[in-house]
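Observations on the three-dimensional arrangement
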Amino acid sequence: RKEVEQDPGPFNVPEGATVAFNCTYSNSASQSFFWYRQDCRKEPKLLMSVYSSGNEDGRFTAQLNRASQYISLLIRDSKLSDSATYLCVPKAAGNQFYFGTGTSLTVIP
Amino acid sequence: EAGVAQSPRYKIIEKRQSVAFWCNPISGHATLYWYQQILGQGPKLLIQFQNNGVVDDSQLPKDRFSAERLKGVDSTLKIQPAKLEDSAVYLCASSSLAGNNEQFFGPGTRLTVL
């Protein structure tokens, strides 16, 4: 079983749409959770951390369900600049990060 | 704050040749990671250092790959001899032991093996 499972997509959505990505992880001892964004031919960059109570940063909302080992990312009012691959990243003890394959998003004018 | 530095940015070699990549993490970051990212896939951890010790190298193909971080700061990753399937982007990342522990990535080295 993979450490992190994500739907690779691609998700093609029109500008202004709301889109949600889901992720499941297998390591129940995971301590912290992150969403990274990776633009084409660039390195991953932190989009947001995911807190137990869920958190929001502008148009982005992240949710964590530890019981189901499930993380989600919601993007509202999609912009063309949101086109990228979104990587779900749980972190276990010892600073060990686990990457999924990522979910590809294309926002269409 | 300076980010993670990597060099070279691009490298083209023929199979069976050797190649080395260099990484300088963010100052003060104890943990350093090397990842291999093949097109269309997520980053795959090759090796993780904490200071100058190896934490995890379970996915490092040790017959051809080696890495070191002798002084607990910068690191080199070597491939000898290279195979066609080693064509990928090699990403270095670092993280602190304190705070949110997020990883910061360098720009990567894009390796093409012909």
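Above: the structure in question.
Let us look at the structure shown here. (Residues numbered from 1 in each chain as written. Chains lettered and ligands numbered in written order. Predicted model: local features only at pLDDT ≥ 70, side-chain atom pairs only at ≥ 80, totals over all residues. Heavy atoms only, no water.)

Details of the overall build of chain B
Stated formally: Here a helix means four or more residues in a row that DSSP labels H or I, a strand means two or more in a row labelled E, and each is numbered from the N terminus. Radius of gyration: C-alpha atoms only; globule rule: 2.2 Å multiplied by the number of residues to the exponent 0.38.
Scanning chain B for helices and strands turns up 0 helices and 11 strands. Order of helices (α) and strands (β) in chain B, N terminus to C terminus: β-β-β-β-β-β-β-β-β-β-β. In terms of overall size, chain B behaves like a compact globule, its C-alpha atoms giving a radius of gyration of 13 Å where 114 residues would be expected to give roughly 13 Å. Its C-alpha atoms put chain B at 40 × 25 × 25 Å along the principal axes.

Quick word on the pattern of salt bridges
Residue and element names in this part refer to chain A. Short version of the rule: By convention in these notes, a salt bridge is any Lys or Arg side-chain nitrogen within 4 Å of a carboxyl oxygen on Asp or Glu. Exposed residues in this analysis have more than 50% of their type's maximum accessible area, buried residues have under 20%, and partly exposed residues fall in between, with area computed by a 1.4 Å probe over protein chains only.
Within the structure shown, the criterion is met by 6 salt bridges over all chains. Among the salt bridges present, the one from Arg76 reaches Glu56, with a minimum N-O distance of 3.5 Å. With a gap of 20 residues between them, Arg76 in the loop between β8 (70-75) and β9 (84-92) and Glu56 in strand β6 (residues 55-57) connect regions that are remote in the sequence. Here Arg76 falls in the partly exposed class, since its relative accessible area comes to 26%.

Description of unusual backbone geometry
Geometrically, the link from Ser7 of chain B to Pro8 of chain B is a cis peptide bond, its omega value of -10 degrees lying close to zero. Position of Pro8 of chain B relative to the elements: it lies in the loop between β1 (5-7) and β2 (10-13). Positioned with a positive phi, Arg41 of chain A is a non-glycine residue whose angle comes to about 65 degrees. Looking at the secondary structure, you find Arg41 of chain A in the loop between β4 (32-38) and β5 (45-50). Phi angles above zero are rare outside glycine, and Asp77 of chain A is one such case at about 50 degrees. A residue is classified by how much of its surface remains accessible, and Asp77 of chain A, at 37% relative accessible area, is partly exposed.

Some words on the state of the cysteines
Cysteine pairs can be covalently joined through their sulfur atoms, and such a bond is termed a disulfide. Residues and elements named next belong to chain A. The line we're drawing: In what follows, a disulfide is any cysteine sulfur pair within 2.5 Å.
Considering all chains together, one arrives at 2 disulfides over all chains under this definition. Through a disulfide, Cys23 is tied to Cys88; the S-S separation comes to 1.9 Å. Its S-S torsion of about -65 degrees marks the bond between Cys23 and Cys88 as left-handed, since a negative value means left-handed. With Cys23 in strand β3 (residues 19-25) and Cys88 in strand β9, this residue pair connects regions lying 65 residues apart in the sequence. Residue Cys23 is classed as buried on the basis of its relative accessible area, which comes to 1%.

What to know about the interface of chain B and chain A
Our working rule: Residue contacts are counted whenever heavy atoms from the two residues lie within 4.5 Å of one another. Note on terms: buried area is the combined drop in 1.4 Å-probe accessible area of two parts once they are placed together, counting the loss on both. Here the term charged refers only to Asp, Glu, Lys and Arg, the term nonpolar to Ala, Val, Leu, Ile, Met, Phe, Trp, Tyr, Cys and Pro, and the term polar to all other amino acids, Gly among them.
If you look at the interface, chain B gives 22 residues, while chain A gives 17 residues. For the pair chain B and chain A, the summed buried surface comes to about 1500 Å²; carbon and sulfur atoms form 46% of the total. On inspection of chain B and its partner chain A, the count reaches 0 salt bridges. Of all the secondary-structure elements, those providing two or more residues to the side of chain B that touches chain A are β4 (31-37), β6 (53-56) and β9 (88-95) of chain B. Top contributing element to the side of chain B that touches chain A by residue count: β4 of chain B, with 4 residues. Of the residues contributing to the side of chain B that touches chain A, the split by class is 8 nonpolar, 11 polar and 3 charged.

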